[in-house]
Structures are given as structure tokens and as C-alpha cells.
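# A closer look at the structure
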Amino acid sequence: MKKIIITIDGYSSCGKSTLARQLAAELNYTFIDSGAMYRAITLYFLRNHVNWNNAATVASALKKISLEFVFNPAKGSSDMYMNGENVEVMIREMLISENVSAIAAIAEVRTFAVAQQQKMGVASGIVMDGRDIGTTVFPHAALKLFMTADIAVRVQRRYKELMLKNPGITIEEVKNNLEMRDYIDTNREISPLHKADDAIVIDNTDLTMEQQLKKALKLVHEKIK
Ligand code: DC
């Protein structure tokens, strides 16, 4: 069967990665979480006190970062490795979420990440989720999805997930973080988050994960038949 590139863009905590992972498993495709790359770069910058307001400092720091997705059979998906270290758990922490959108808005950072993402798509058969995948990374992708959901529903879903690791976290903190990231991601100068003209919107406010997957699979089959 024909293998295609599927892009999934949308706001924070809309379930993009969940859908991308499920689609990849169903279709035997590779799932790539592009946000993990921006998160790993953010971790490096914070750890090494990189002054990200200085373009030259950013450029020289990026030269020292090597990113790799390594398949984790226990999970059935890949973990993010930075300079040989598995950083998958660390990059999901709140401190990273608080800084990642500002760092992902930097021109040098985007050039660095996008060049690697485009190479990953060469073999086709991939599902990549992010903010600019259908608009900038793979503007010619065969199927583009744009996910959205009610903010209250997104906050609840994210809160439940973060609570397990950090019981002290408040709904307010989660809501502020989602709103701040959506604002920066949508309003940045370089490849801001917006729906590609040919993307299909999936609003999953009232959809179960099964319903959402079914809907997306139907769209995939229409493309590859
Ligand atoms: O998908 P995520 O929430 O893990 O992404 C973290 C941040 O990275 C997000 O707030 C914006 C940035 N990002 C981006 O700018 N472009 C992408 N393709 C993916 C993520």
C-alpha cells in the first residue's frame, strides 16, 4: 500500500501526539513528535545557561546539540535522546513547558529543527505532529490534520496527566501555561501556528480517542486507496 506523510498540527494539549502515535501504530508508520525536539533544545539551554537572546550564542550552542529518536519497544514509540542521553521524562516537566515556546520562536532554533525533521520524512510513511508541520516542514504532505478542542477540556486533560507526576500542580497553572504557549506559538514571526489551507480540522472536544482515531483512519484510507 502507498505510504504517505501525515501532518498533525494544532494547539497545545489537543491530543495531537496521542492521535499521531495511534495512527502510526495502526498503519505501521513512524511517529515523530516534533515538539520533543524543541523541548530537548530548551532543556539544553536551561541546563547550560545559554543566553537565548543572543543569536551568536544560540548558534554556537546548537552546534553542540545532537538529537535522536530511539525506539522504545516497551512503549511502542520513540524516546527523545539529546547528546546520547534519554531525556524523554525530563522534557515533559513544567519548567520546560514554561520556556519552550519562547525558544521555539528563535529563527536559528527553527532552522536547526526543521532541517532535521525534513530529513526524517524522506522515506515517507510518517506521522509527524507539531505546530508548523503542514505549513512549513511538509507543505506537500498528502494528508494534513489540524486539531482543536475547547480550552476547558484541554486544561482538564493536561491537568490529569501532570497531576500524576506533580500532585502540587494547580488547574490555574496548567491553564496559564496552555494559553501562554498558544499565544506565543500563534503570534511568533517565523512559521506561526495556523491551519494550512488544505488541512482538515478535527475538533475532539466531544470525541473519544476511539472516535477520533476512526475519523482520522477514514481520511487516511481515502488518501491511500
Ligand atoms: O507539542 P509540544 O507541546 O510538546 O510542543 C512544545 C512546544 O514546542 C510548543 O509550545 C511550541 C513548540 N513547537 C513548535 O514551535 N513547532 C513544532 N513543530 C512543534 C512544537
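Structure report, in brief.

Rules used throughout
- Residues numbered from 1 in each chain as written.
- Predicted model: local features only at pLDDT ≥ 70, side-chain atom pairs only at ≥ 80, totals over all residues.
- Heavy atoms only, no water.
- Helix = DSSP H or I, 4+ residues; strand = E, 2+ residues; numbered from the N terminus.
- Expected span 1.5 Å × (residues − 1).
- Buried < 20%, exposed > 50% of the residue type's maximum accessible area, 1.4 Å probe, protein only.
- Contact = heavy atoms within 4.5 Å.
- Polar contact = N/O pair within 3.5 Å; in protein donor to acceptor, adjacent residues only side chain to side chain.
- Near = heavy atom within 4 Å.
- Areas by Shrake-Rupley, 256 points an atom, 1.4 Å probe, with all protein chains shown as cover.
- Pairing = 2+ DSSP bridges.
- Axes fitted to C-alpha atoms, helices over the stretch in contact; angles between N-to-C directions.

## Some remarks on helix α7 (residues 151-165)
Note on helix geometry: an α-helix contains 3.6 residues per turn, so any two residues three or four positions apart are oriented the same way. Between the first and last C-alpha of α7 there are 22 Å, a value that for 15 residues agrees with the 21 Å anticipated at 1.5 Å per step. For α7, the set of buried residues is Arg-154, Val-155, Arg-158, Tyr-159 and Leu-162. Structurally, α7 contributes buried residues whose contacts are with α2 (34-47), α4 (94-104) and α8 (171-187). Two or three places before Ala-152, at the start of α7, stands the capping residue Asp-150, its side-chain oxygen 3.2 Å from that residue's backbone nitrogen.

## Brief notes about the site of the ligand
What surrounds the ligand is a group of 15 residues, the closest being Arg-39, Arg-110, Asp-132, Arg-181 and Arg-188. Arg-39 places a side-chain nitrogen or oxygen 2.7 Å from an oxygen atom of the ligand. Arg-131 has a polar side-chain atom sitting 3.0 Å from an oxygen atom of the ligand. For the ligand, the accessible surface in isolation is 440 Å², of which the surrounding protein chains cover 96%.

## Some remarks on the sheet that holds strand β4 (residues 77-82)
Taken together, 3 strands build an open sheet; the order of strands is β3-β4-β5 and the sheet is antiparallel. What marks the edges here is a single partner per strand, and that holds for β3 (67-72) and β5 (85-86). Lying over the sheet, α2 contacts β3, β4 and β5, oriented at roughly 25° with respect to β4.

## Regarding the side chain of Arg-110
Residue placement: Arg-110 occurs in helix α5 (residues 107-120). By relative accessible area, which is 3% here, Arg-110 ends up buried. Reaching out from Arg-110, the side chain makes a polar contact with the backbone oxygen of Ala-104 at a distance of 2.6 Å. Those residues in contact with Arg-110 that sit more than four places away from it in its chain are Tyr-38, Ala-104, Asp-132, Arg-188, Ile-190 and Ser-191.

In short, shape yes, function no, at least from these values alone.
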